Amino acid sequence: MSLKAPNFKIFVVILAYNAQKTIKNVIEDIPSEWVDKIVISDDDSTDKTYSVSKTISDVIAIKNKNNLHMGGNQKVVYNYALENNADIVVVLHGDNQYDASKIPEMIKPIINSETDVVIGSRIMGGMALEGGMPRYKYLGNHFLNFIQNTAFKLKLSDYATGYKAYSRRVLTSIPYLK
């Protein structure tokens, strides 16, 4: 069990596609005292993401035989985490757009039984552009968020976020394989 949350088995699963240049930086930013396992799922990259991932100590590297795209790759890592008895699963992308050092903030509401899902945001904090998000994606993200917030009567800042934390309970109750 993790040092900071010994009653929980915490997995960080990283969705990677052509991330050979950024994957090590993502791993370095993960607060290891909060995590039991780190799993990188390479979605049949055309670069050396998988071979670089295999060289990182204390990381499990999986390579999909075909490109399963984002949804298929998520199913792979969720299945892996659940089969290995994860209590909390944190999803990150291998492109280093998300601040992995925020993992404790992401999982504490789940640890404290306040919620079963925490959704991160690239937009909150005002650092998306400084963090490398292209301006056209930033503007497109704001436009799509406006449309979705209007349609769903919500106030989310980043519908397309790849930074999420889930409790085992919620992952086993959602039919994500469908």
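Below: a short report on this structure. Keep in mind it's a predicted model, so treat the numbers as computed, not measured.

## Quick word on the overall build of the protein
Move 1: A tally of helices and strands in the protein yields 6 helices and 6 strands.
Move 2: The order of α-helices and β-strands along the protein, N terminus first, is β-α-β-α-β-α-β-α-β-α-β-α.
Move 3: For the protein, the C-alpha radius of gyration of 16 Å lies close to 16 Å, the compact-globule estimate for 178 residues.
Move 4: Each of the three principal axes of the protein carries a C-alpha extent, and together these read 40 × 40 × 35 Å.
Move 5: Relative to its full complement of 178 residues, the protein shows a buried share of 42%.
Move 6: When the accessible surface of the protein is split by element, carbon and sulfur atoms take 54% of a total near 9,900 Å².

## Description of the pairing of strand 6 (residues 164–167)
In the case of a regular strand, side chains alternate between the two sheet surfaces.
Move 1: Residues of strand 6 alternate between two faces, with Lys-164 and Tyr-166 on one and Ala-165 and Ser-167 on the opposite face, all of them buried.
Move 2: The pairing of strand 5 (residues 117–119) with strand 6 spans 3 bridges and is classified as antiparallel. Across the sheet, Ile-119 pairs through a bridge with Lys-164, a residue of strand 6.

## Re the packing of aromatic side chains
Move 1: Evaluation of the coordinates by the stated rule reveals 5 aromatic pairs.
Move 2: Ring centres of Tyr-78 and Tyr-176 lie 5.3 Å apart, and the angle between their planes is 85°; this geometry places the pair in the edge-to-face category. Placement of Tyr-78 in helix 3 (residues 69–83) and of Tyr-176 in the segment after helix 6 (168–173) is noted, with a sequence separation of 98 residues between them.
Move 3: A residue is classified by how much of its surface remains accessible, and Tyr-78, at 6% relative accessible area, is buried.
Move 4: When its relative accessible area of 17% is taken as the criterion, Tyr-176 is described as buried.
Move 5: Where Phe-152 meets Tyr-159, the ring centres are 6.3 Å apart and the plane angle is 40°; that geometry is what we call tilted.
Move 6: Residue classification places Phe-152 among the exposed residues on the basis of a relative accessible area of 53%.
Move 7: Ring pairs connect the aromatic residues Tyr-78, Tyr-166 and Tyr-176, which therefore count as one cluster.

## So, helix 4 (residues 103–111)
Move 1: Counting buried positions along helix 4 gives 7 out of 9 residues, so the element sits mostly inside the fold.
Move 2: Looking at helix 4, one finds that the buried residues are Ile-103, Pro-104, Met-106, Ile-107, Pro-109, Ile-110 and Ile-111.
Move 3: A positive backbone phi angle near 60° is found at Ser-113, which sits one or two residues after helix 4.

## As for the environment of Glu-105
Move 1: Its location among the elements puts Glu-105 in helix 4.
Move 2: In this structure Glu-105 comes out as exposed when scored by relative accessible area, which is 53%.
Move 3: Between the C-alpha atom of Glu-105 and that of Val-118, which follows or precedes it by 13 residues, the distance is 9.3 Å.

## As for the pattern of salt bridges
Move 1: This model, assessed by the stated rule, comprises 4 salt bridges.
Move 2: Residues Asp-44 and Lys-63 are paired through a salt bridge, measuring 3.7 Å at the closest nitrogen-oxygen approach. With Asp-44 in the loop between strand 2 (37–42) and helix 2 (49–54) and Lys-63 in strand 3 (residues 59–63), the pair connects residues that are 19 residues apart, well separated along the chain.
Move 3: Asp-44 sits in the partly exposed class, given a relative accessible area of 26%.
Move 4: Judged by relative accessible area, Lys-63 falls into the partly exposed class, the value being 34%.
Move 5: Glu-105 is paired through a salt bridge with Lys-102; the nearest N and O atoms lie 3.9 Å apart.
Move 6: Linked through salt bridges whose partners overlap, the residues forming this network are Asp-42, Asp-44 and Lys-63.

Reading the values: rules and limits
Residues numbered from 1 in each chain as written. Predicted model: local features only at pLDDT ≥ 70, side-chain atom pairs only at ≥ 80, totals over all residues. Heavy atoms only, no water. Helix = DSSP H or I, 4+ residues; strand = E, 2+ residues; numbered from the N terminus. Rg over C-alpha atoms; globule rule 2.2 N^0.38 Å. Buried < 20%, exposed > 50% of the residue type's maximum accessible area, 1.4 Å probe, protein only. Areas by Shrake-Rupley, 256 points an atom, 1.4 Å probe, with all protein chains shown as cover. Pairing = 2+ DSSP bridges. Phe/Tyr/Trp six-rings, centres within 6.5 Å; stacked < 30°, edge-to-face > 60°. Salt bridge = Lys/Arg side-chain N within 4 Å of Asp/Glu carboxyl O.

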